[in-house]
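# Structural features, examined
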Amino acid sequence: MTGSIDRAGRPAPDELGRSLLASGALSAEWAPSFAAVPRSAFLPDLMWPHDMGTGRNVAVDRTRDPQAWQRYADSDVPIVTQWDDGAHDGTAPGKSFSSSSSMPSLVFRMLADLDVRAGQRVLEIGTGTGWNAALLAHRLGPSNVVTLEVDAAVASSGRAALERFGLPAEVVHRDGAYGYAEGSPYDRIVATCGLRRIPFAWVAQAKPGGVLLVPWGTYFGPAEATARLVVAEDGRSASGPFTQPVAFMRMRSQRFVWPRHDAYVPAGAMDRADISFTTLTGAEFATGSFDVVGFVIGLRVRDCAHNADRERDGRRAVWFYGLSDTSWAVVVFRDDQDDRKAAKVYQSGPRRLWDEVEAAYRWWDGHGRPGFERFGLTVTEEGQRAWLDAPSNGLVRHR
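Described in the following lines is the structure provided in the data block. (Residues numbered from 1 in each chain as written. Predicted model: local features only at pLDDT ≥ 70, side-chain atom pairs only at ≥ 80, totals over all residues. Heavy atoms only, no water.)

What follows covers the overall build of the protein chain. Looking only at helices and strands, one finds 11 helices and 20 strands in the protein chain. The C-alpha extent of the protein chain, read off along each of the three principal axes, is 70 × 55 × 40 Å. When burial is assessed residue by residue, the protein chain has 51% of its 399 residues classed as buried. Sequence separation of 24 or more characterises 58% of the internal contacts of the protein chain that already satisfy a separation of 6 or more. When the accessible surface of the protein chain is summed, it comes to about 18,000 Å², and 49% of that surface belongs to carbon and sulfur atoms. (Helix = DSSP H or I, 4+ residues; strand = E, 2+ residues; numbered from the N terminus. Buried < 20%, exposed > 50% of the residue type's maximum accessible area, 1.4 Å probe, protein only. Contact = heavy atoms within 4.5 Å. Areas by Shrake-Rupley, 256 points an atom, 1.4 Å probe, with all protein chains shown as cover.)

Let us look at the side chain of arginine 188. Checked against the element boundaries, arginine 188 lands in strand β9 (residues 186-191). Among buried Asp, Glu, Lys and Arg side chains, arginine 188 stands out as unpaired, with aspartate 115 the closest opposite charge at 4.3 Å. At a separation of 2.9 Å, a polar atom in the side chain of arginine 188 contacts the main-chain carbonyl oxygen of aspartate 115. What arginine 188 contacts, discounting residues up to four positions off in sequence, is Leu114, Asp115, Val116, Gln120, Arg121, Val122, Leu123, Gly209, Gly210 and Val211. (Lys, Arg positive; Asp, Glu negative; His and termini not counted. Salt bridge = Lys/Arg side-chain N within 4 Å of Asp/Glu carboxyl O. Polar contact = N/O pair within 3.5 Å; in protein donor to acceptor, adjacent residues only side chain to side chain.)

Moving on: the pattern of salt bridges. Counted by the stated rule, this structure contains 15 salt bridges. Its salt-bridge partner being aspartate 85, residue arginine 255 comes within 2.8 Å of it at the nearest N-O pair. In this pair, arginine 255 sits in the loop between β12 (237-246) and α8 (261-264) while aspartate 85 sits in the loop between β4 (79-83) and β5 (97-101), placing the two residues 170 residues apart along the sequence. Look at arginine 255 and you get partly exposed, because its relative accessible area is 39%. Two residues, aspartate 262 and arginine 260, come together in a salt bridge whose shortest N-O distance is 2.6 Å. For aspartate 262, a relative accessible area of 42% gives the class partly exposed. Through salt bridges that share partners, Asp85, Asp151, Arg252 and Arg255 make up one connected network.

Now for the sheet that holds strand β15 (residues 315-322). By way of backbone hydrogen bonds, the strands of a sheet pair with one another, either parallel or antiparallel. With antiparallel pairing, five strands are arranged side by side in an open sheet as β13-β17-β16-β15-β14. Every other strand in the sheet has two partners, leaving β13 (274-278) and β14 (304-308) as the edge strands with one partner each. The average angle at which neighbouring strand axes cross in this sheet is 20°, direction not considered. Taken together, the five bridges between β14 and β15 define a ladder with antiparallel strand orientation. (Pairing = 2+ DSSP bridges. Axes fitted to C-alpha atoms, helices over the stretch in contact; angles between N-to-C directions.)

The subject of this paragraph is the pairing of β9. Among the six residues in β9, six count as buried, and that is most of the element. With four bridges joining them, β9 and strand β10 (residues 206-217) adopt parallel strand pairing. By the bridge assignment, tyrosine 186 is partnered in β10 with alanine 206.

Summarising the element assignment, threonine 243 is placed in strand β12. Judged by its relative accessible area of 29%, threonine 243 is partly exposed. For the pair formed by threonine 243 and arginine 374, sequence separation is 131 residues and the distance between their alpha carbons is 8.8 Å. Of note is the side chain of threonine 243, whose polar atom sits 2.9 Å from the side chain of aspartate 113. At 2.4 Å, the side chain of threonine 243 and the side chain of threonine 226 are in polar contact.

Let's shift gears to the nonpolar core. Buried together is how nonpolar side chains tend to be arranged in soluble globular proteins. Judged by nonpolar contacts, the single largest core of 60 residues is most densely connected at Ile125, Ile198, Trp202, Leu212, Phe285, Phe320 and Trp354. When residues in this core are grouped by element, the largest group, seven residues, is from helix α11 (residues 353-366). Once residues within four sequence positions are removed from consideration, phenylalanine 285 is found in contact with Phe220, Leu280, Ile297, His306, Arg316, Val318, Phe320, Phe333, Trp354 and Val357. By size, the runner-up hydrophobic cluster in this structure holds 34 residues, among which are Val116, Ala133, Ala161 and Leu162. (Core = buried A, V, L, I, M, F, W, Y, C linked by side-chain atoms within 4.5 Å.)

Remember, this is a structural readout, not a statement about activity or role.
Here it is, written out as structure tokens:
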């Protein structure tokens, strides 16, 4: 157990538990599972917690520094548990993380959104360390939890951790994009990886009235949010609002391969591009992982990805690439930009990508700058469609 025992003989929450309860992340319904199922029981000896002070991942080895290892295990930080799909075998961070243990506050906020009830069956997409599946198994019983993992080594270690802890949920090594029809129908389906396309197989494998909770984003950038979708009574669709901004590694079958810059902007292309100007500033165009503006632009401008160069001499170039053709655009923001010094824009190709992006920003601004929670998603066999405030208010269909 993670805490001491109170006078009534129940597990008392430790410092992290008290913090999660005070913030509202941990509800009374999930507090017993938090106390009974410590995250530390599902973490490897060598792990790479995210240091909130430096913004970097640091290697921590339990065999060398058990106190530091335990401190991170009991902290509200994300912890990388695998790099580079398992090809990484050193202590220094690898190139890209491929499996992790999410922040406990996020885990319990998502479990609250999932809203499980006694006797329900849950399908989890992404076993990871097995901790989330263990929490569900503690609440619902191991026989009511099925968890899928695409990585064989991660599936094996997750299965072993669940069995070792005495909560042997069914762990299946397979691509979660196909779901697991063998165990359907499910009352709840939860994904612990980010998606751009929600497989209709998940809708088909859920009961009418069942809930899908899925981190979802677009190709535009890293911003994503959890979509809480309720399956229609006829089973032909699932629809619901976004609940909170999140940041997850993408499902492996939906990873994005960045286009080659020179395939879009060959030598001399800047000289032939159309030139215009924008009064939108770099400060307004903030598109980080948790910035709603980038999320909304992604909803409005389909098949477009963007990234930003490092700031140099008070200037920062932001590039946009069309994913259905070779259209491109770049805007050069300046620190000293004002109404008299508009940012310069270069555009080329069948689409005017910056014009589309700026129009999306103006649309968002004109609608009162709505937050994540006012948007939603509807998934059918034909595809998915984002909306504002109500499913009838369609924004754009996403592939």
